[in-house]
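Okay, here's what each chain looks like letter by letter:
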Amino acid sequence: MAQKILLINGPNLNLLGTREPQIYGSATLNDVVKQAKIQASELSIQVEAFQSNHEGAIVDKIQAARGEVDAVIINPGAFTHTSVAIRDALLGVGIPFVEIHVSNVHAREPWRKHSYLSDKAQAVICGLGVFGYTAAIEFAAKHMKVNVGTSKL
Ligand SMILES: O=C1C[C@@](O)(C(=O)O)C[C@@H](O)[C@@H]1O
């Protein structure tokens, strides 16, 4: 079975490309997802993309991924700094994940330095712009292959 990666983008990332372009650049989320799918097909893996502005919807998506995906790549947006629920969902399903941020969160407001996910993430990428997604997929493809189907309860 082909390796499968779930790419989750949280709140306001649907505004990529128009949102504070001096911080987040000009690529849209659609550009990011399109590029991710091209890259994935070259690596013979599958990428499913999901974006939501709602914390509960993200929790539901993570729960539904149990036993179905090898790795999660997540840009939790502002939920990075607030969401115990997303942390618990990722730990609850036991799927390894990469946390990614388009901007360098350490060079911004001090409260952006804290993440509820980073200490449990396989890797954390920030400040690479949307290239961070490319880096995350390549990393996940090489280093995060688990046997999906055996992790289902
Ligand atoms: O929405 C976002 C985007 C972000 O996750 C990033 O990609 O740089 C950084 C977060 O602090 C912010 O709330």
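Residues numbered from 1 in each chain as written. Predicted model: local features only at pLDDT ≥ 70, side-chain atom pairs only at ≥ 80, totals over all residues. Heavy atoms only, no water.

- The protein chain carries the name Catabolic 3-dehydroquinase in an unreviewed UniProt entry, which gives Trichoderma guizhouense as its organism.
- Listed in UniProt under the heading Function (unreviewed entry), the comment for the protein chain reads: "Is involved in the catabolism of quinate. Allows the utilization of quinate as carbon source via the beta-ketoadipate pathway."
- Checking UniProt for the protein chain, the heading Sequence similarities (unreviewed entry) contains the comment "Belongs to the type-II 3-dehydroquinase family." (UniProt positions renumbered as here; feature names shortened; annotations may be inferred.)

### A word on the overall build of the protein chain
No. 1: The helix and strand tally for the protein chain stands at five helices and five strands.
No. 2: In the protein chain, the succession of helices and strands from N to C terminus is β-α-α-β-α-β-α-β-β-α.
No. 3: By the compact-globule yardstick of 15 Å for 153 residues, the protein chain fits well, its C-alpha radius of gyration being 14 Å.
No. 4: The dimensions of the protein chain, computed from C-alpha atoms along their principal axes, are 45 × 35 × 25 Å.
No. 5: Here the protein chain holds 153 residues, and the buried ones make up 47% of them. (Helix = DSSP H or I, 4+ residues; strand = E, 2+ residues; numbered from the N terminus. Rg over C-alpha atoms; globule rule 2.2 N^0.38 Å. Buried < 20%, exposed > 50% of the residue type's maximum accessible area, 1.4 Å probe, protein only.)

### Let's talk about the UniProt feature "site: Transition state stabilizer" (unreviewed entry) in the protein chain
No. 1: The feature "site: Transition state stabilizer" (unreviewed entry), as annotated in UniProt, sits at Arg19 in this numbering.
No. 2: For Arg19, the position within the fold is in the loop between strand E1 (3–9) and helix H1 (21–24).
No. 3: Not counting residues up to four positions away in its chain, the partners in contact with Arg19 are Pro11, Asn12, Leu13 and Tyr24. (Contact = heavy atoms within 4.5 Å.)

### Describing the side chain of Glu99
No. 1: Checked against the element boundaries, Glu99 lands in strand E4 (residues 97–101).
No. 2: It turns out Glu99 is buried and unbridged, and the closest side chain with the opposite charge, Arg87, is 8.4 Å from it.
No. 3: Those residues within four positions of Glu99 in sequence are excluded, and the remaining contacts are Ile74, Pro76, Thr80, Ser115, Leu117, Ser118, Ala121, Ala123, Val124 and Ile125. (Lys, Arg positive; Asp, Glu negative; His and termini not counted. Salt bridge = Lys/Arg side-chain N within 4 Å of Asp/Glu carboxyl O.)

### What to know about the sheet that holds strand E3 (residues 71–75)
No. 1: Here five strands make up an open sheet; going across it, the order is E2-E1-E3-E4-E5 and the pairing parallel. The sheet terminates laterally at strand E2 (45–51) and strand E5 (123–126), the two strands that pair on one side only. Strand-to-strand, the axes of this sheet are offset by a mean angle of 20°, without reference to chain direction.
No. 2: Two elements, E4 and E5, share four bridges in a ladder whose sense is parallel. When the sheet's bridge partners are listed, Val98 is paired in E5 with Ala123.
No. 3: Its contacts with the sheet place helix H5 (residues 131–143) against E1, E2, E3, E4 and E5, and it is angled at close to 150° to E1. (Pairing = 2+ DSSP bridges. Axes fitted to C-alpha atoms, helices over the stretch in contact; angles between N-to-C directions.)

### Quick notes on the site of the ligand
No. 1: Surveying the vicinity of the ligand reveals the residues Arg19, Tyr24, Asn75, Gly77, Ala78, His81, His101, Val102, Ser103, Val105 and Arg112.
No. 2: Contact distances for the ligand include 2.7 Å between an oxygen atom and a backbone N or O atom of Val102.
No. 3: The contact in question runs from an oxygen atom of the ligand to an N or O atom on the side chain of Arg112, over 2.8 Å.
No. 4: Notes on the ligand: free accessible area 330 Å², of which the protein chains cover 99%.
No. 5: Among the residues forming the shell around the ligand, the class breakdown is four nonpolar, five polar and two charged. (Near = heavy atom within 4 Å. Polar contact = N/O pair within 3.5 Å; in protein donor to acceptor, adjacent residues only side chain to side chain. Areas by Shrake-Rupley, 256 points an atom, 1.4 Å probe, with all protein chains shown as cover. Nonpolar A, V, L, I, M, F, W, Y, C, P; charged D, E, K, R; others polar.)

### A look at the nonpolar core
If you look at soluble globular proteins, the nonpolar side chains tend to sit buried side by side.
No. 1: One finds Ile5, Leu16, Val47, Ile73 and Val98 to be the most contacted residues of the largest nonpolar core, which totals 25 residues.
No. 2: Those elements giving two or more residues to this core turn out to be E1, helix H2 (29–42), E2, E3, E4, E5 and H5.
No. 3: If we skip the residues at most four places from it in the chain, Leu16 touches Tyr24, Ala27, Thr28, Leu29, Val32, Val102 and Val130.
No. 4: Counting 18 residues, the second-largest nonpolar core is a separate cluster that includes Val72, Ile74, Ile86 and Ala89. (Core = buried A, V, L, I, M, F, W, Y, C linked by side-chain atoms within 4.5 Å.)

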